[in-house]
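Notes for the structure review
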Amino acid sequence: MLYALMCKDKPGALATRMEVRPAHVEFLKDLDAQGVLKMAGPLLGDDEKPIGSLVLISAADKAEAETIAARDPYAKAGLFTDVEIRAFNWVFKNPEA
């Protein structure tokens, strides 16, 4: 099952995001190597600066998706105010369909 991780940054946390970004990128590369990561990128504010993250992963169930989300270095650094995890049905432009 696919899960969308919709993560909102704390206000004024851009410095934290940039400081932790290298570890976050390595985390995503590891998920990709395992076949778990389907796509990822920052959510942008009106000023085109990051205000959150959107990560699409494959997981057995929501509990596994929650465990993966909690291991993200951004989450461990306390960057997010909120992480919403939803099952996702990739209908259009799914490269694996």
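Before reading further, recall that the structure is shown in the block above.
Now for a quick tour of the structure.

Each value, and the rule that gives it
- Residues numbered from 1 in each chain as written.
- Predicted model: local features only at pLDDT ≥ 70, side-chain atom pairs only at ≥ 80, totals over all residues.
- Heavy atoms only, no water.
- Pairing = 2+ DSSP bridges.
- Helix = DSSP H or I, 4+ residues; strand = E, 2+ residues; numbered from the N terminus.
- Axes fitted to C-alpha atoms, helices over the stretch in contact; angles between N-to-C directions.
- Salt bridge = Lys/Arg side-chain N within 4 Å of Asp/Glu carboxyl O.
- Buried < 20%, exposed > 50% of the residue type's maximum accessible area, 1.4 Å probe, protein only.

Turning to the sheet that holds strand S1 (residues 2-9), a few remarks are in order. A sheet is described by the order of its strands in space; here 4 strands give the open sequence S2-S3-S1-S4, paired in antiparallel fashion. What marks the edges here is a single partner per strand, and that holds for strand S2 (37-44) and strand S4 (80-88). Between one strand axis and the next, the sheet turns through 15 degrees on average, direction left out of account. Here S2 pairs with strand S3 (residues 50-58) via 7 bridges, running antiparallel. Counterpart to Leu 37 in the pairing with S3 is Ile 57.

On to the pattern of salt bridges, then. Enumeration according to the criterion identifies 4 salt bridges in this entry. Of the charged contacts, one joins Lys 38 and Glu 96 as a salt bridge, the two residues approaching to 3.1 Å between their closest N and O atoms. You can see Lys 38 sitting in strand S2 and its partner Glu 96 sitting in the segment after S4, a full 58 residues away along the chain. The class for Lys 38 is partly exposed, based on a relative accessible area of 23%.

Moving on to unusual backbone geometry. You will see that Glu 48, though not glycine, has its phi angle at about 65 degrees, which is positive. Turning to its location among the elements, Glu 48 is positioned in the loop between S2 and S3. Classification of Glu 48 by relative accessible area gives exposed; the value is 62%. Of note in the backbone geometry, Lys 93 takes a positive phi value of approximately 60 degrees without being a glycine. What makes Lys 93 exposed here is its relative accessible area of 80%.

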